[in-house]
Amino acid sequence: MALLSERQRRIIDLLAESPLTGAELARELGVSVRTVQADVSRINRGGGVVASSNRGYRLVEGPPEERAAHDGRGARAPEADPVDIALRAIVYDLVKGGLGPTADDLGERLFMSRTAVERVLGEARERVAPYGVDVARERGRVTLRGDELGRRQLLTRLVMDEAAGRISADGFVEPLSEVLDLDFVRDVVRRCAHREERYVEPGYVTGLATSLAIALFQMRCPSGPGLARRDPGERDVDRRVALDVCETYARRWPIRAGAQDVDQIASLLAGLLRPTCGEASPDKPIVGQDALIADIVRSALEPYGVAVEDGPALRGLVLHVGQLVRRAGTHPLEDDDLLEGIKRSCPLLFEAAQVVAGALSERLGVPVRDGELGFLCVHLGLIMGERASGRARVALLSTTYQSVDRDLRDRLVRRFGDQVDVCVCCDAAEALDAARARAVDLVVTTRRLPDPSVPHVIVSPLLLSDDLLAIGRALRHHTESGRLARLRSMRSFFSERLFVRDDGPERRERGEVIDELCDRLREDGAVDPSFAASVRAREAAGSTCFFERFAIPHALDMNARRTAFCVLTSRAGVRWGGPVIHVVLMIAVRREDRERFMELFDSTVRALGNPGVLPRLERARSLDVFLDALLER
C-alpha cells in the first residue's frame, strides 16, 4: 500500500467501522466528494483495499489477490463527470488548433439534450472561474476566454487529474496527455536537463511538462522543421536547455521554433532547474539574495522558538525560494492537494509557512501562491523537525530469525515513516520497561506480552494489510488520546471574562472582531496595547481562518503578559475575508510559553477541525458549554 496521508488513513479507519457513501465520507472529513474519490484512488494504488458499490465504499477483506479482483484495484473507477468531459472536449479541440466544439457536438458526445448541455456548460463556467478563465461562445462554438497563464493552469490541472485517476477513462475524449505526447515531453525535459547537470524536482515535473507540451504542440509544422541556431557561447543555462528541448522534440515531431519560441520555452524553465551538484554544497557560504532569504526565514520562525541552523535543510529552502522568485508570474505551481493535506495533518506547519510566506512577499515583493505554499511547508518541515511532526515512538519486538525484525522495521518505516520513530527491542522485558517509563508510545510485537495492559498491537511476522490497519488504528488512538489530554490541560487559559456570545442579527467584519477581542485581552491585563498591531500584522501575512469554518488569530510577537484565550461565538457570523464563520479563538502567548503555543495551536485546530465539534461550539452560550464541547469530547 502506498504511503498514505492523514485523511486517507482516516478514510480507512472510518470504513473499518462500517461502509459509508462518498457523501457521508465527505461530510465526516469536511471535503468534497471528488476529493474522497481521489483519496480512494490513491489508497488503492498499492493493491485494492477499498471497494465501491451502490451501497457506498467498504474495506475489502482477504488476501491481496482477492482484493485485486474488485475491478482490478479494489474500487470502481469514478463515473464519468459530464463537466469534465465537456471541458476536455473544449480543450481538446482548442489544442488541436480548432475553435472548440459546438453545443450540438457536446450533446452527441455526452448523449445529452441541448438543455442538459447548457446546464453542464453553466457548471463548467463555475469550475474554471478560479483560473481566470470563462466558458464563452464564438461563432456558434464553445471556447475558453482568459489569459494564457490561466488557460495553461487549467489544462495542467486537467492533465494531472487524468494522471491521478480523478477523471475516469470514459472513451468520450482522447486523453489530453496522449494528444500532447506528455510522456515523451516529460522524458525530453529530464534528458535535456541532465545534459546540463540539472534536474527538475518531482513535484514540478508534470506541471512543467504540460506547459512545455502545449507550447511545443503549437509549434508543430507538417511542412518540416525550422530551428533557431545554437549559440556555442550561450551562458544562460535555461536557454541552452530550451534549445536542446526543441531540437530533441523536433526529431519526433517537426516544429518551427525561432528565437522567440526558444525564449518562451526558456521562460517556462526559469527557476525550475536545480543543479545536481555544486550550488548546494554545505561548505559554500550563503551570500547575496540567498543570505537575505535565510535571514527572513530565521526572523519569521524566531517567535516559535525555532533556532534555524545553517545546514542542508535551510540551504534547500533558500534554493527553493530563489527559484520561486525567478518563476514568479510565469510558472507558479498549483498543488492544492499537498497544501490541503498539510493543513489537516500538521496545522502548525501550515501556520509557520504562512508567516514565512508573508515575510518573503513583503521583503522580496513576490507573492507566494497556495501551490507554492505547499512545497514551502515541506522545506519548513525539514527545518522544524519534530516540533511540527508530533511523531509517535514505537518499540518493535520480533524474532530475529531470517532477519524478520529488520524486515519488519523497514516496512514499518516505509508505511508509517511520517508518523513514527521505530526502535527494536531485544526482549519483552525491555519493551515493557520502555512502555511503562513512557519512553515509547506503542509496542508492535509478533508475540503475546506478559503484561497486556501496555499499549500494543500483535502482528504477523509477514505484516499483512490487516496488521497495517491495526497499527494505523492504534497510532490514531494514541494521537487522539494525547491531543485530548493536552486540550484538557488548557482549561486554565480560558476565563468567563474572555468569552463573548454575540446573538445580534447583523453579520460582523473581521477587523472589528479582532479589535474587540484585543481590547478585551488588554482590559483583562493579558496583553499590552501593542498586541493589536501584531495581530493585524499576522493576519496581513495570511488569513488565520481554517477550512473556511473558524479562525485562530494571534500575534506575530509572542510577548503577552500571560497566556490566554479570548473566544467569540456569533449567531449571525463574521466575514473573515471571503468565508463567513461563527467561532473565533484569539490566542495571546507570553514569551516563556512559546513552546506551549505550538501545542495549543496544533491541538486547537485539530479539535475545531472535527466535523462533530464545531456545530456544538457555534451554539454554545456559555464558557462551560463551550469548553465541554471543545475539551471533553
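Residues numbered from 1 in each chain as written. Predicted model: local features only at pLDDT ≥ 70, side-chain atom pairs only at ≥ 80, totals over all residues. Heavy atoms only, no water.

**Student:** Looking at this structure, I do not really get the overall build of the protein chain. What am I missing?
**Tutor:** Scanning the protein chain for helices and strands turns up 27 helices and 18 strands. Classification of the 633 residues of the protein chain by burial places 52% in the buried group. Partitioning the intrachain contacts of the protein chain with sequence separation of at least 6 by distance along the chain shows that 71% fall at a separation of at least 24. On the protein chain, roughly 28600 Å² of surface is accessible, and the fraction owed to carbon and sulfur atoms is 48%. (Helix = DSSP H or I, 4+ residues; strand = E, 2+ residues; numbered from the N terminus. Buried < 20%, exposed > 50% of the residue type's maximum accessible area, 1.4 Å probe, protein only. Contact = heavy atoms within 4.5 Å. Areas by Shrake-Rupley, 256 points an atom, 1.4 Å probe, with all protein chains shown as cover.)

**Student:** Where do I start with helix H13 (residues 259-269) in this structure?
**Tutor:** One turn of the α-helix equals 3.6 residues, which is why residues spaced by three or four share an orientation. Among all positions of H13, only Val262, Ile265, Ala266, Leu268 and Leu269 are buried. An end-on view of H13 places all buried positions within 160° of arc, on one side of the element. (Arc of directions from axis to C-beta.)

**Student:** What is the right way to look at the packing of aromatic side chains in this model?
**Tutor:** Each pair of aromatic rings is reported with the distance of its centres and the angle of its planes. What the rule picks out here adds up to 7 aromatic pairs. On the numbers, 4.5 Å between centres and 5° between planes, the contact of Phe494 with Phe565 is stacked. Here Phe494, found in the loop between helix H22 (465-488) and strand E13 (499-502), pairs with Phe565, found in strand E17 (residues 564-575); they are 71 residues apart in sequence, far enough to count as distant. Phe565 shares its class with Phe494; the two are buried. (Phe/Tyr/Trp six-rings, centres within 6.5 Å; stacked < 30°, edge-to-face > 60°.)

**Student:** I would appreciate a short explanation of the pairing of strand E3 (residues 133-138) in the present structure.
**Tutor:** Within a regular strand, side chains alternate between the sheet's two faces. As paired elements, E3 and strand E4 (residues 141-146) share 6 bridges and run antiparallel to each other. Bridge pairing in E4 places Ala136 opposite Thr143. With antiparallel pairing between neighbouring strands as the criterion, E3 and E4 make up a hairpin whose turn holds 2 residues, including Arg139 at a positive phi of roughly 50°. (Pairing = 2+ DSSP bridges.)

**Student:** Explanation requested: the pattern of salt bridges in the structure shown.
**Tutor:** Where charged atoms from two side chains of opposite charge come close, those side chains can pair. Here the structure, examined in full by the defined rule, presents 28 salt bridges. Where Asp13 meets Arg476, a salt bridge forms, and the shortest distance between an N and an O atom there is 3.7 Å. Taken together, the residues span a long stretch of sequence, with Asp13 in helix H1 (residues 6-17) and Arg476 in helix H22 at a distance of 463 residues. Judged by relative accessible area, Asp13 falls into the buried class, the value being 8%. In this structure, Glu138 and Arg145 form a salt bridge, with 3.4 Å as the shortest nitrogen-oxygen distance. (Salt bridge = Lys/Arg side-chain N within 4 Å of Asp/Glu carboxyl O.)

**Student:** Please clarify how the sheet that holds strand E11 (residues 442-445) should be interpreted in this entry.
**Tutor:** To summarise the sheet geometry, strands pair through backbone hydrogen bonds and adopt either a parallel or an antiparallel arrangement. If you trace the 4 strands from one edge of the open sheet to the other, you get E10-E9-E11-E12, paired in parallel fashion. Looking at the sheet topology across the chains shown, the edges are occupied by strand E10 (420-425) and strand E12 (456-458). On average, adjacent strands in this sheet sit at an angle of 25° to one another, irrespective of strand direction. Sheet topology places E11 next to E12; 3 bridges connect them, and they run parallel. In the sheet register, Val443 faces E12, and the bridge partner there is His456. Against the sheet, helix H20 (residues 404-416) touches strand E9 (392-397), E10 and E11, its axis set at about 170° to E10. (Axes fitted to C-alpha atoms, helices over the stretch in contact; angles between N-to-C directions.)

**Student:** Honestly, the environment of Tyr304 in this entry has me stumped. Any pointers?
**Tutor:** Positionally, Tyr304 belongs in the loop between helix H14 (288-301) and helix H15 (312-327). Tyr304 sits 293 residues away from Phe597 along the chain, and the two C-alpha atoms are 7.7 Å apart.

**Student:** Honestly, the state of the cysteines in this entry has me stumped. Any pointers?
**Tutor:** Working definition of a disulfide: a covalent bond connecting the sulfur atoms of two cysteines. Per the stated rule, a full pass over the model turns up 0 disulfides. Not engaged in a disulfide, the cysteine Cys425 finds its nearest cysteine sulfur in Cys423; these two sulfurs lie 4.6 Å apart. (Disulfide = S-S within 2.5 Å.)

**Student:** Mind showing me how you'd approach the packing of helix H10 (residues 182-195) against helix H12 (residues 237-250) here?
**Tutor:** A pair of packed helices can be characterised by two numbers: the angle between their axes and the separation between those axes. Contact geometry for H10 and H12: axes closest at 9 Å, N-to-C directions at 135°. With respect to H12, the element H10 is oriented oblique. For the pair H10 and H12, the crossing hand works out as right-handed. Taking contact as the criterion, the partners of Phe184, Val185, Val188, Arg191, Cys192, Ala193 and Arg195 in H10 are, on H12, Val241, Asp244, Val245, Thr248 and Tyr249. Grouping the constituent residues of the contact of H10 with H12 by class yields 8 nonpolar, 1 polar and 3 charged. (Parallel < 35°, antiparallel > 145°, perpendicular 65-115°, else oblique. Left-handed = near helix turned anticlockwise from the far one by under 90°. Nonpolar A, V, L, I, M, F, W, Y, C, P; charged D, E, K, R; others polar.)

**Student:** How do you make sense of the nonpolar core when you look at a structure like this?
**Tutor:** Nonpolar side chains tend toward joint burial in soluble globular proteins. In terms of nonpolar packing, the biggest core is built from 65 residues, with Leu301, Leu380, Phe494 and Phe626 touching the most fellow members. The greatest single-element share of this core, amounting to 10 residues, is contributed by helix H17 (residues 347-364). Excluding anything up to four places from it in sequence, Phe494 contacts Phe565, Val567, Leu585, Leu623, Phe626, Leu627 and Leu630. By size, the runner-up hydrophobic cluster in this structure holds 61 residues, among which are Val83, Leu155, Val241 and Cys246. (Core = buried A, V, L, I, M, F, W, Y, C linked by side-chain atoms within 4.5 Å.)

**Student:** What should I look at first to understand the packing of H1 against helix H2 (residues 22-29) in this one?
**Tutor:** Running from amino to carboxyl end, H1 crosses H2 at an angle of 125°, the nearest separation of the two axes being 11 Å. In terms of orientation, H1 lies oblique with respect to H2. Considering the relative orientation of H1 and H2, their crossing is right-handed. Only Leu25, Glu28 and Leu29 of H2 make contact with H1, whose side of the interface consists of Arg7, Arg10, Ile11, Leu14 and Leu15. The residue inventory of the contact of H1 with H2, partitioned by class, reads 5 nonpolar, no polar and 3 charged.

**Student:** Is there a simple way to think about unusual backbone geometry in this case?
**Tutor:** Both trends apply: most residues other than glycine have a negative phi, and most peptide bonds are in trans. The residue Asp181 is not glycine, and still its phi comes out positive at about 55°. Its place among the elements puts Asp181 in the loop between helix H9 (176-179) and H10. Phi at Phe547 is positive, roughly 55°, even though this residue is not glycine. Turning to its location among the elements, Phe547 is positioned in the loop between strand E15 (545-546) and strand E16 (550-551).

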